[in-house]
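Observations on the model geometry
Listed below, chain by chain, are the residues.
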Number of protein chains: 2
Amino acid sequence: MKALLLIAHGSRRPESNDELAQLAWQLKTDMTDQFPIIESGFLEIAQPSIAQAIDHCAAQGATELRVVPYFLAAGRHVSKDLPAMVNAAAGHHPQLSVSIADHVGASVQMRNIVQECALAQG
Amino acid sequence: MKALLLIAHGSRRPESNDELAQLAWQLKTDMTDQFPIIESGFLEIAQPSIAQAIDHCAAQGATELRVVPYFLAAGRHVSKDLPAMVNAAAGHHPQLSVSIADHVGASVQMRNIVQECALAQG
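Residues numbered from 1 in each chain as written. Chains lettered and ligands numbered in written order. Predicted model: local features only at pLDDT ≥ 70, side-chain atom pairs only at ≥ 80, totals over all residues. Heavy atoms only, no water.

Structural notes on the confidence of the model for chain A
Taken as a whole, chain A shows an average pLDDT of 94; of its residues, 99% reach a score of 70 or greater. Across chain A, the secondary-structure element scoring lowest on mean pLDDT is helix α1 (residues 14–31) of chain A, at 92, and the one scoring highest is strand β3 (residues 64–69) of chain A, at 98. (pLDDT = per-residue confidence, 0-100. Helix = DSSP H or I, 4+ residues; strand = E, 2+ residues; numbered from the N terminus.)

Section: the nonpolar core
Taken as a class, soluble globular proteins show a tendency for nonpolar side chains to be buried jointly. Counting residues in hydrophobic clusters, the biggest one holds 44 residues, and the most contacted among them are Y70 of chain A together with Y70 of chain B. Looking at this core, the elements with two or more residues in it are β1 (2–8), α1, β2 (37–42) and α4 (110–119) of chain A together with β1 (2–8), α1 (14–31), β2 (37–42) and α4 (110–119) of chain B. (Core = buried A, V, L, I, M, F, W, Y, C linked by side-chain atoms within 4.5 Å. Buried < 20%, exposed > 50% of the residue type's maximum accessible area, 1.4 Å probe, protein only.)

Some details on the interface of chain B and chain A
Each partner contributes residues to the interface: chain B has 45 residues there, and chain A has 45 residues. The largest share of the area that chain B buries against chain A comes from L72, R111 and V114 of chain B, three residues that together contribute 17% of it. For the interface between chain B and chain A, the tally reads two salt bridges. With a closest N to O distance of 2.7 Å, D30 of chain B and R111 of chain A form a salt bridge. Remark: the boundary between chain B and chain A carries 18 residue pairs in polar contact (both at pLDDT 80 or more). Those elements that place two or more of their residues in the side of chain B that touches chain A are β1, α1, β3 (64–69), α3 (76–90) and α4 of chain B. (Contact = heavy atoms within 4.5 Å. Buried area = accessible area lost by both parts, 1.4 Å probe. Salt bridge = Lys/Arg side-chain N within 4 Å of Asp/Glu carboxyl O. Polar contact = N/O pair within 3.5 Å; in protein donor to acceptor, adjacent residues only side chain to side chain.)

Describing the pattern of salt bridges
Tallied over the entire structure, the rule returns six salt bridges over all chains. Residues R76 of chain B and D81 of chain B are paired through a salt bridge, measuring 3.0 Å at the closest nitrogen-oxygen approach.

Topic: α1 of chain B
Each α-helix winds once per 3.6 residues, and so residues spaced three or four apart point in a common direction. Residues and elements named next belong to chain B. Taking 1.5 Å per residue, 18 residues should reach 26 Å; α1 reaches 26 Å between its end C-alpha atoms and fits that length. Among the residues making up α1, those that are buried are S16, N17, L20, L23, A24, L27 and M31. Viewed end-on, α1 has its buried residues packed into an arc of 110°, placing them on one side of the element. In α1, the exposed positions that point more than 90 degrees away from the buried face belong to W25 and T29. (Expected span 1.5 Å × (residues − 1). Arc of directions from axis to C-beta.)

Structural data, given as structure tokens:
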């Protein structure tokens, strides 16, 4: 069973972290056929941690885990910390095969979003 | 004359910072009619700083500055630090009227990007 895990940095502002949980919730409307399990977690500061989120996916019966790094830039967090933490946590669930997608900032669609923000009123 | 300024957090990895300059460069293809001046800058760690980027816009004759925060989450950086630094820097250029757009993470299109990343091969 496939699980999708969104991972963001984590902020000290709860409203900011809530945005990620809300996005994961919205994705359940769009992607429940492809990913019966959709969860979110944080690299640092906020909870659930990456390890907690992966445990949660495994407890729901996940056998394939697709991780989407919700980061704009491929800094150290994306290139090193996130894969290391995902692989360490997934190591406790031998039934789980893991793949890590490109960070969202790598999408060519980001260009459209910047244009939309630039031209919006307000 | 209108200027568009993209502001990202800034990373210790030069490749990561280069992504922002590249995005600003690509936007010149799309938006040069609306924004004859397009620049990018960083909140911290990397250069140009916000103040340097705003000086650079003003030196090119900008009278209207549209700032797009290139951040996913509305954390303290977006809600407090960025507006404070933009307003302080713009204060040195009385001819400049400034507006700050929503951060890119607030766009409803982010949901499509996560789906694209989740379903991509590799």
